[in-house]
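# Examination of the molecular architecture
Each chain, written out:
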Amino acid sequence: MAALTRVSGSVGLISLLNPPVNALSAAVRQGIVDTVRRAVSDPQVKSVVICGQNGVFCGGADIKEFGGHMSGPPLVPIFNTIEAADKPVVAAIEGSALGGGLELALACHYRITQSKARLGLPEVSLGLLPAAGGTQRLPRLIGVPAALDLITTGRHLTGAEALKLGIVDQVTDQNTVEAAVKFALSIVGQSLESRRISTLPCPCPADIDAFFEGVMQRVKKSAHGAIAPVACVQAVQAAATLPFTQGMQREQELMATLFGSGQARALQYCFFSQRVVSKWSSPSGSRWDTSKPKPVTKVGVIGLGTMGRGITVALALAGLSVVAVETQQQQMMAAQHAVSGMLERTARRRGVSLVGDQIRYSVELEAVADVELVIEAVFEDMALKEKLFKQLSTLCKADTLLCSNTSSLDIDHLASQTHSPQLVVGMHFFAPAHVMKLLEVVYGPRSAPQAVATAMELGKRMGKVSVAVGNCSGFVGNRMLMPYVEEASFLVEEGASPEIVDRALEEFGFPMGVFRMSDLSGLDVGWKVRKARGLVEPGQMSRVRQGRRYSPLGDLLCEQGRFGQKTGRGWYLYDSAGSREAQPDPWLQSFLEEYRARQGLVSRRIDSQEVLERCLYALINEGFNILQEGIAAGPEDIDMIYVFGYGFPRHRGGPMFYASQVGLAQVLQRLEHYQQLHPDIPHLRPSSLLRRLVSSGSPRIQRWREIIRMPHSSL
Ligand SMILES: CCCCCCCC/C=C\C=C\CC(=O)SCCNC(=O)CCNC(=O)[C@H](O)C(C)(C)COP(=O)(O)OP(=O)(O)OC[C@H]1O[C@@H](n2cnc3c(N)ncnc32)[C@H](O)[C@@H]1OP(=O)(O)O
């Protein structure tokens with residue numbers, strides 16, 4: 001798992017070998033202990049280079065080991081031994097040096113890296129901190145503010161950026177190991193005193209207490225309840241204020257608290273789930289490893305409203321040629337201006353050059369005649385989309401894939417409008433489409449494996465987390481959102497205020513509660529959908545529609561012209577139209593009192609536990625229905641959709657993981673309780689899959705797929 005060879009006469013070359021990323025498994029750690037001991041004691045070895053085989057230095061600790069019994073030598077003494085060696089040790093960084101991988105490099109006396117290599121301490125995103133000396137060595141090397149930025153965000157740097165910050169000593173575009181060996185030969189016999197980072201003083205800002213107070217406030221605010229970023233600040237504070245050995249002790253204590261926490265388990269589940277969803281399959285037999293995507297270089301986008309503009313930017317940033325079509329001349333001009341601005345801002349933020357020249361704008365639909373794939377992003381109006389798909393099917397090349405960005409409409413019905421229904425899939429982006437990481441790829445019963453594979457691959461090229469899901473109203477994300485939003489309205493009818501509901505959800509970790517979110521996206525959006533479903537009865541207050549409980553509150557607000565932030569009034573009051581500062585609205589309070597009185601509802605006190613249980617368990621219950629119907633292949637798909645598309649707190653793992661942590665029996669019992677109280681709310685009726693999992697002993701979430709697939713009696 002680590003090999004030692006002698007090269008160029010006197011350089012001991014230690015190579016880590018644990019594909020694909022040379023993670024520091026027990027065997028690799030033992031290999032490092034053995035090879036370092038041999039290199040240090042071999043008189044013919046004058047200097048040492050540590051590298052990784054297969055073009056990757058080291059992806060850090062082996063995350064798979066975290067779930068079980070940890071054995072093998074611990075990292076801290078290994079790294080201390082390397083740093084204390086009296087022969088120079090050089091890290092040759094290719095590919096990645098992440099987490100424990102970068103900590104290994106920091107224990108070496110010198111670091112040489114490929115310019116494109118990725119370096120970072122991403123432990124925070126796994127609910128941990130860099131606990132092999134990273135929180136103590138990095139601030140001593142590059143100063144407290146820069147180290148805090150890297151450790152609390154977990155962001156990756158390129159080799160070139162790492163050089164600027166002083167993390168590495170040299171960057172090369174040549175063979176990194178050869179450069180490191182040459183360098184190692186040149187420094188034999190030089191003093192290593194100043195090269196042992198643990199012995200260096202920690203460069204600190206002037207008023208250190210005030211500095212850390214400010215940092216802690218900022219980090220807590222953006223952490224939304226995640227504990228690892230806070231522990232990272234505490235560990236760096238120890239580096240700034242304590243000698244190295246005591247700082248290391250503090251690092252270990254903080255790590256011990258994080259390591260066993262539910263948040264670390266949730267975040268590590270997210271890491272693996274993100275990879276599970278990339279290995280997609282569909283019931284018709286298409287699969288990530290056997291269905292080949294079609295090469296795509298030129299994409300058409302039809303409709304340049306908010307979504308179409310974001311999709312155009314995302315495609316251009318991924319290096320694709322785009323034909324952007326908007327049939328209204330004025331809207332086209334506005335879109336062109338907006339897209340240029342978005343591209344400019346994104347390019348500036350990412351430090352890349354502008355990519356606007358590969359977008360061609362047109363007011364003619366015929367402009368997409370020669371593209372390989374079209375993404376339709378016109379209004380959510382089935383008649384309009386039907387007409388468009390008919391036209392596209394005639395004017396595009398016979399093998400052009402036709403994709404719809406619809407957020408809820410029937411993909412199979414759209415496919416049936418075309419000559420080649422097998423070439424139609426949904427590509428459901430989330431606003432803003434060039435920023436949000438999620439893409440739901442919706443396959444219909446007739447979608448060809450190649451069509452699904454192509455949409456998934458295109459999502460990957462745009463840097464999205466693409467999740468393949470089946471076709472149903474609202475697909476996965478929006479279908480689950482319906483009961484969540486409805487429960488929130490029912491709670492307000494029963495006595496809660498929008499502030500009480502939002503506070504409970506925000507304390508749970510959502511960046512925005514349901515009412516703030518509705519105000520931001522526009523109350524008219526849901527109103528339109530409810531109208532299309534025949535649920536809206538203008539001016540009516542009846543609370544039963546289509547045979548089930550209904551809350552007309554959202555419709556009544558829209559009838560008053562209260563569409564949310566854009567009109568300056570919605571569930572909250574805003575200073576002006578477009579302002580973001582939500583304030584409780586006294587008008588709404590009296591409106592609700594009057595509404596409850598007219599409905600004969602007696603307002604009661606609703607606590608945050610009820611808010612969380614009613615809203616989240618209704619959403620989770622729909623998730624179980626979706627799994628049962630095979631619309632999502634597994635709980636990981638649902639969880640990644642919610643984490644990347646709906647702001648579900650990542651440190652809770654997603655709704656289905658959260659349910660597994662609460663305990664499925666508990667979720668079932670509370671749903672049964674609420675269903676008894678509210679028999680007219682169908683989405684509180686526990687899913688039969690949830691019952692089945694509970695009666696199978698509530699297995700670990702990783703085993704749910706097996707149970708879902710097992711044949712069962714419907715009795
Ligand atoms: C009581 C207290 C006890 C405390 C004891 C603990 C002491 C611990 C001391 C130190 C701790 C250090 C912490 C760490 O180092 S945590 C790990 C930090 N590293 C990372 O977060 C990096 C994670 N990996 C990545 O970001 C990427 O995989 C990357 C390396 C950039 C490569 O990306 P890419 O080329 O896109 O490949 P994939 O992501 O698809 O990965 C390929 C397969 O490799 C698996 N993988 C990746 N990294 C790891 C890892 N660190 N451990 C285990 N497995 C890893 C990944 O799951 C893929 O597997 P598969 O093909 O099966 O899906």
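Residues numbered from 1 in each chain as written. Predicted model: local features only at pLDDT ≥ 70, side-chain atom pairs only at ≥ 80, totals over all residues. Heavy atoms only, no water.

Selection rule: UniProt positions are given in the numbering used here, feature names are shortened, and annotations may be inferred rather than shown by experiment.
In the nomenclature of an unreviewed UniProt entry, the chain corresponds to Peroxisomal bifunctional enzyme from the organism Periophthalmus magnuspinnatus. Under the UniProt heading Subcellular location (unreviewed entry), the note attached to the chain is "Peroxisome". Its UniProt record gives the chain the following Subunit (unreviewed entry) comment, quoted word for word: "Monomer."

## Looking at the confidence of the model for the chain
What counts, and what does not: The predictor reports its confidence for every residue as pLDDT, a score running from 0 up to 100.
Confidence along the chain averages 96 in pLDDT terms, with 99% of residues attaining 70 or more. With pTM at 0.95, the complex prediction returns an ipTM value of 0.96.

## A closer look at the site of the ligand
Operational definition: Put simply, a residue is near a molecule or strand once any heavy atom of it comes within 4 Å of that molecule or strand. Nitrogen and oxygen atoms within 3.5 Å of one another constitute a polar contact, given that in protein one can donate a hydrogen and the other can accept it, and given that sequence-neighbouring residues count only through two side-chain atoms. Reported accessibility uses the Shrake-Rupley method at a 1.4 Å probe radius. Residues are deemed covered only where the shown protein chains occlude them. Secondary structure elements are defined from DSSP: runs of H or I of at least 4 residues count as helices, runs of E of at least 2 residues count as strands, and each element is numbered from the N terminus. Side-chain classes follow a simple rule in which Ala, Val, Leu, Ile, Met, Phe, Trp, Tyr, Cys and Pro form the nonpolar group, Asp, Glu, Lys and Arg form the charged group, and the remainder, Gly included, forms the polar group.
The environment of the ligand is made up of 27 residues, and the closest members are Gly59, Ala61, Gly100, Arg275 and Lys279. Glycine 100 is positioned with one of its backbone polar atoms (N or O) 2.8 Å from an oxygen atom of the ligand. Alone, the ligand offers 1200 Å² of accessible surface; in the complex the protein occludes 72% of this. For the shell around the ligand, the element with the most residues is helix H11 (residues 262-278), which contributes three residues. Partitioning the shell around the ligand into residue classes produces 15 nonpolar, five polar and seven charged.

## So, the packing of aromatic side chains
Note the threshold: Between 30 and 60 degrees the pair is tilted, below 30 it is stacked and above 60 it is edge-to-face, where a pair is any two Phe, Tyr or Trp rings, Trp via its six-membered ring, whose centres lie within 6.5 Å. Burial here depends on accessible area, computed with a 1.4 Å probe over protein chains only, as a share of the maximum for the residue type. Under 20% is buried, over 50% is exposed, and the range in between is partly exposed.
Under the definition given, this model contains 16 aromatic pairs. Seen from their ring centres, tyrosine 110 and phenylalanine 183 are 5.0 Å apart, and the 70° between their planes marks the pair as edge-to-face. Taken together, the residues span a long stretch of sequence, with tyrosine 110 in strand S6 (residues 110-114) and phenylalanine 183 in helix H7 (residues 176-186) at a distance of 73 residues. Each member of the pair, tyrosine 110 together with phenylalanine 183, is buried. Arranged with centres 5.6 Å apart and planes meeting at 80°, the rings of phenylalanine 508 and phenylalanine 648 form a pair that is edge-to-face. In this pair, phenylalanine 508 sits in helix H18 (residues 498-508) while phenylalanine 648 sits in the loop between helix H24 (635-645) and helix H25 (655-662), placing the two residues 140 residues apart along the sequence. The burial state of phenylalanine 508 is the same as that of phenylalanine 648; both residues are buried. Following the ring pairs from residue to residue traces out a cluster consisting of Tyr484, Phe508, Phe510, Phe648 and Tyr658.

## Regarding helix H10 (residues 244-259)
So the rule is basically this: Any helix carries an expected span of 1.5 Å times its number of residues minus one. Directions pointing from the helix axis toward each C-beta atom define the arc. Working rule for contacts: check all heavy atoms of both residues, and any pair within 4.5 Å makes them a contact.
For H10, spanning 16 residues, the distance from its first C-alpha to its last is 22 Å, which sits close to the expected 22 Å at 1.5 Å a residue. Taken together, the buried positions of H10 are occupied by Phe244, Gly247, Met248, Glu251, Leu254, Met255 and Leu258. The buried residues of H10 occupy one face: seen down the axis, they fall within an arc of 130°. Opposite the buried face of H10, at more than 90 degrees from it, the exposed residues are Thr245, Ala256 and Thr257. Where H10 is buried, its residues contact helix H2 (75-84), helix H4 (134-142), helix H9 (228-241) and H11.

## Comments concerning the sheet that holds strand S2 (residues 11-16)
Stated precisely, the cut-off is as follows: DSSP-based pairing: two strands are paired if at least 2 bridges between them are found. Angles shown run from 0 to 180 degrees and are taken between the N-to-C directions of axes, each axis being a line fitted to C-alpha atoms and, for helices, limited to the stretch in contact.
The six strands lie next to each other as S1-S2-S3-S4-S6-S9, forming an open sheet whose pairing is mixed. Of all strands in the sheet, those bounded by a partner on one side alone are strand S1 (2-7) and strand S9 (170-172). Across this sheet, the average inter-strand angle for adjacent strands is 20°, counted without regard to direction. Across three bridges, S6 lies against S9 in parallel orientation. Looking at S9, one finds that isoleucine 112 is bridged to glutamine 170.

## Description of the sheet that holds strand S15 (residues 424-429)
Within the open sheet, the eight strands sit side by side as S12-S11-S10-S13-S14-S15-S16-S17. Their pairing is mixed. What marks the edges here is a single partner per strand, and that holds for strand S12 (359-362) and strand S17 (465-470). Each adjacent strand pair in this sheet contributes to an overall mean axis angle of 25°, direction not counted. Two strands pair when backbone bridges link them, and strand S16 (residues 438-443) and S17 are joined in this way by six bridges, in the parallel orientation. Bridging across to S17, glutamate 440 finds its partner in valine 467.

## Structural notes on empty space enclosed by the protein
Put simply, the test is: Buried and open spaces are told apart on a 1 Å grid over the protein atoms alone, a cavity being a set of points where a 1.4 Å probe fits but cannot get out and a pocket being an open set with protein on both sides within 12 Å along at least five of seven lines. Residues with an atom within 4 Å of a point are the lining residues. Grid points are joined across faces, edges and corners, and a volume is the space filled by probe spheres set on the points.
A complete count under the given rule lists one cavity of 30 Å³ or more for this structure. Volume-wise, the largest cavity comes out at about 50 Å³. Every residue along the wall of the largest cavity is listed here: Ile14, Val36, Ala39, Val40, Val48, Ile50, Ile82, Ala85 and Val89. At three residues, helix H1 (residues 26-41) tops the list of elements feeding residues into the lining of the largest cavity. Residue classes in the lining of the largest cavity are distributed as nine nonpolar, no polar and no charged.

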